[in-house]
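# Topology and contacts: notes
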Amino acid sequence: STGSTGSTGATGSAGANGPTGSTGSTGATGSAGANGPTGSTGSTGSTGSTGATGANGPTGSTGSTGATGGAGASGPTGRTGATGANGPTGGTGEKGADGSLLFDYYATDKLIFPYPDGAKNLGVGGTDIASSEIVLFGSSTGGTIGDIWMGNTLKLGHLTSGGTTITTADSGETLLIAPNNANIQFQSSAYFIDTSGQLTIAKIYDTEAAYYLDLNAIGTSLNTKGAITVGDGTGKITAGTYDPAYTIDGAKYSTFLPSMTGVKEETTGVVVTNELVPGVGYRSIIDFGSQPVGSDIWLFSKATDLKTNINNLVVLLNPEGNARVWYDLDIPNFKLAIYSSLPSRISYRLTAPRFDTSQWSNLRTGGITGFDLTPLITPIPYSGPIATPSADGLAGITVTPASSASGVLYQVQNSLSELIYNVGIFSQAAIANLTAGVIDAQKVVSPVAEVTEVKTNVISPLSSDSVEVKLGPAQSFTISDQTNTPKVSFDSIGNATIAGTLQTQSLVVNQTTTFGGDVSQTGGVNGMPDQESMVANAGFELAGANSSMPDAWSCTNTGTGTGSCSRNTTNFVQGSAAMAVNKYVDQLQRKIINAND
């Protein structure tokens, strides 16, 4: 006979919580914050250059000539003396008182000259050599044969007009003007050549009066039409200001050459960075060793002896646009690599010491003073060591969402609420840890981040909410091993694929479940009241395939939650595996129709 109905089994454990609902929509944007304080006024710009000096005013008119003084009174005329008696008639011809010849005559050259017999010197204006105004020496008595002595002014030329030439008789002879330990003066004692060869004059003119040398002029001292060469092109010019002058539409303009400490050479040019260096940027290379002869860089490298001075090369770069630029100097290979974050047109300025820079010191020798800056400049005070900046390169930097109208997602501002457009403002302290594609930081905060690969030990929610993974219709969330083989995958509709073992305290199946392998569990099998699936809370295990296993479970049940079984074991087959249900003391709360339910 049928035994009594067993007692009702214990209530199964509560099912796991359902999935968390999706996050609600974002709340409305808060009102704009108050404006930051106004920034400090920028420093005053430098004073403009001094305007050009005005032209000299017109020369004043010459004053009137003073009146001529009156003539002095004539002295009385002396009495005429009595006429003396006639003397005896002199001797005939060119003979002196002693009867010797005074002059001789050379008929070929029509020349009359002192007779060459003894000291035949010719004197004019005196009775001897010392008292004569002009002495022509025919002998060595008192002078050198051929000398002309004059006791006063020598005037050459006609009394009325015409020029005068002092020259030598033969071509190639030297005309020597040799004063006897005295100066050669011009017009007055203010202009002369002294015995050491120094020339003292007021002004030297070219044949064209427009070009001259006026050493004492306050305005232009030297005006020359051609080039000026000093020391065969290797000398030194000491001056305070160099002014290349320009005239445009009749107006005169000044430009000034810059000064430089030390003797250096400079060159400028433009390159375009169009060579992509993966992971670095864009590059252009200047090879100092392969420049065309005569080009700017070739001449610069020669004038600076760059092979020796490569370590002293100064490079200044300026990009077109807002690209970031930097350079790398390959000293062993004498190459300059210019980089940019974007393909850019970059201007450069190169400066290096000239090949002979060691010959020119900042200390000058010589007697001239030049600009005496002592009373003009204010000494720079010593104010102690510089303050150490904060190690936090992002101090005072804020990142906030931008208005949608600007087309920019976020804006970066400093502590004065000024927008920052150049990422370089973050300084090395903020970006030094961005190396090799890895962010090394204590904390990175961003509402949106796009990262190809994340390596971390812990993922936790920002607040009390859960961590949510949003997937599109064709997307999945996959966990792969180190060989990139997927092991666990969740798709956007909730399907899960697990390649390994699933261990759980309880398993709740709300719909049909398909097992493709063996399943073992101790306990019983309890059917849910409203589902076709089974929840294991009493125990079941799979046995081997049994082709003779019946299609239905021969157990009686009223369908109202009570009933009894006359068999303790039944087998179910699905696919290539079978399930054997071992019934102990339990009840079925739902009628099982066949093995496929």
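Residues numbered from 1 in each chain as written. Predicted model: local features only at pLDDT ≥ 70, side-chain atom pairs only at ≥ 80, totals over all residues. Heavy atoms only, no water.

### Structural notes on the overall build of the chain
Across its full length, the chain holds 3 helices and 33 strands. Residues counted as buried form 13% of the 597 residues belonging to the chain. For the chain, long-range pairs separated by at least 24 residues make up 37% of all intrachain contacts whose partners lie at least 6 apart in sequence. Of the roughly 47900 Å² of accessible surface on the chain, 52% is carried by carbon and sulfur atoms. (Helix = DSSP H or I, 4+ residues; strand = E, 2+ residues; numbered from the N terminus. Buried < 20%, exposed > 50% of the residue type's maximum accessible area, 1.4 Å probe, protein only. Contact = heavy atoms within 4.5 Å. Areas by Shrake-Rupley, 256 points an atom, 1.4 Å probe, with all protein chains shown as cover.)

### Describing the nonpolar core
Ranked by size, the top nonpolar core spans 15 residues in total, and within it I286, F288, L306, L313, L336 and L350 carry the most contacts. Listing elements by their share of this core, those giving two or more residues are α1 (296-303), β19 (335-340) and β20 (344-353). In contact with L336, other than residues within four places in its own chain, are S284, I285, I286, F288, V315, Y327, D328, L329 and L350. (Core = buried A, V, L, I, M, F, W, Y, C linked by side-chain atoms within 4.5 Å.)

### A closer look at the pairing of strand β13 (residues 251-254)
Of the strand pairs in this sheet, strand β12 (residues 245-248) and β13 are connected by 4 bridges, and their pairing is antiparallel. For A245, the partnering residue across the bridge sits in β13 and is S254. Here β12 hands over to β13 after 2 residues, with D249 in that stretch at a positive phi of 55°. (Pairing = 2+ DSSP bridges.)

### Topic: the side chain of T267
Take T267: it is sitting in strand β14 (residues 264-273). Using a relative accessible area of 9% as the deciding quantity, one classes T267 as buried.

### Quick notes on the sheet that holds strand β7 (residues 188-193)
The 3 strands are arranged β6-β7-β8 in an open sheet whose pairing can be described as antiparallel. With one partner strand each, in any of the chains shown, β6 (184-186) and β8 (199-200) form the two edges of the open sheet. With 3 bridges joining them, β6 and β7 adopt antiparallel strand pairing. Among the inter-strand pairings, F186 is bridged to a residue of β7, identified as S188.

### Focus on the pattern of salt bridges
Counted according to the given criterion, the structure contains 3 salt bridges. Residues E266 and R349 are paired through a salt bridge, measuring 2.8 Å at the closest nitrogen-oxygen approach. Of the two residues, E266 sits in strand β14 while R349 sits in strand β20, which places them 83 residues apart along the sequence. Classification of E266 as partly exposed rests on a relative accessible area of 35%. A relative accessible area of 35% means that R349 is categorised as partly exposed. Between E275 and R283 there is a salt bridge; the shortest N-O distance is 2.6 Å. Among the residues examined, E275 registers a relative accessible area of 33% and is labelled partly exposed. (Salt bridge = Lys/Arg side-chain N within 4 Å of Asp/Glu carboxyl O.)

### So, unusual backbone geometry
Phi at D249 takes a positive value of approximately 55°, unusual for a residue other than glycine. Mapped onto the elements, D249 comes out in the loop between β12 and β13. Of note in the backbone geometry, N484 takes a positive phi value of approximately 65° without being a glycine.

### What about the packing of aromatic side chains?
Under the defined criterion, the tally for this structure stands at 1 aromatic pair. Centroid distance W326 to Y339: 5.6 Å. Interplanar angle 10°. Geometry classified as stacked. You can see W326 sitting in strand β18 (residues 325-330) and its partner Y339 sitting in strand β19, a full 13 residues away along the chain. With relative accessibility at 10%, the residue Y339 sits in the buried group. (Phe/Tyr/Trp six-rings, centres within 6.5 Å; stacked < 30°, edge-to-face > 60°.)

### Things to note about the sheet that holds strand β5 (residues 148-150)
With antiparallel pairing, 3 strands are arranged side by side in an open sheet as β3-β4-β5. Both outer strands of the open sheet, β3 (122-124) and β5, are each paired with one neighbouring strand and no more. Pairwise comparison of adjacent strand axes, ignoring direction, gives a mean angle of 10° for this sheet. Pairing of strand β4 (residues 134-136) with β5 involves 3 bridges; the strand directions are antiparallel. In the strand pairing of β5, V135 is matched with W149. (Axes fitted to C-alpha atoms, helices over the stretch in contact; angles between N-to-C directions.)

### Side note on the pairing of strand β16 (residues 281-287)
Bridge count for strand β15 (residues 275-277) against β16 is 3 bridges, and the pairing is antiparallel. Paired with E275 across the strands is R283, a residue of β16. Here β15 folds back onto β16 in antiparallel fashion, the turn holding 3 residues, of which G279 has a positive phi close to 80°. Note that β16 and β19 share 6 bridges and pair antiparallel. If you follow D287 over to β19, its bridge partner there is K335.

### Brief notes about the environment of G269
Checked against the element boundaries, G269 lands in strand β14. Expressed as a C-alpha distance, the spacing of G269 and D296, which sit 27 residues apart in the sequence, is 8.6 Å. If we ignore the near neighbours within four places in the chain, the residues touching G269 are I346, S347 and Y348.

### Observations concerning a nonpolar patch on the surface
On the surface, L122, V124, I134, L136, I148 and M150 cluster together into a nonpolar patch covering about 460 Å² of accessible area. For the nonpolar patch, the secondary structure elements donating two or more residues are β3, β4 and β5. Within the secondary structure, V124 sits in strand β3. (Patch = residues over 30% accessible without salt bridge, like charges linked within 9 Å, V, L, I, M, F, W, Y side chains within 5 Å.)

### A closer look at the confidence of the model for the chain
Of all residues in the chain, 68% have pLDDT values of 70 or greater, and the mean over the chain is 73. Ignoring residues within four places in sequence, the model shows residues 523-568, a span with pLDDT below 50, making 115 contacts including any to other chains. Counting contacts from residues 582-597, a segment whose pLDDT is below 50, to residues more than four positions away or on other chains yields 39 contacts. (pLDDT = per-residue confidence, 0-100.)

### As for the environment of T478
Here T478 shows up in strand β25 (residues 476-480). Judged by its relative accessible area of 34%, T478 is partly exposed. In this structure, the C-alpha to C-alpha distance between T478 and V488, residues 10 residues apart in sequence, is 5.7 Å. The residues touching T478, leaving out its near neighbours within four places in the chain, are P486, V488 and S489.

### Overview of the side chain of R283
Structurally, R283 can be placed in strand β16. Among the polar contacts listed, one links the side chain of R283 to the side chain of Y339, at a separation of 3.4 Å. In this structure, R283 is in contact with T273, N274, E275, V277, A337, I338 and Y339, ignoring residues within four places of it in sequence. (Polar contact = N/O pair within 3.5 Å; in protein donor to acceptor, adjacent residues only side chain to side chain.)

### Some words on α1
Looking at α1, one finds that the buried residues are I297, F300, S301 and A303. End-on, the buried residues of α1 take up no more than an arc of 170°, which puts them together on one face. Within α1, the exposed residues directed more than 90 degrees away from the buried face are L299 and K302. Contact partners of the buried residues in α1: β14, β16, α2 (306-309) and β20. A positive phi of about 50° marks D305, the residue just after α1. (Arc of directions from axis to C-beta.)

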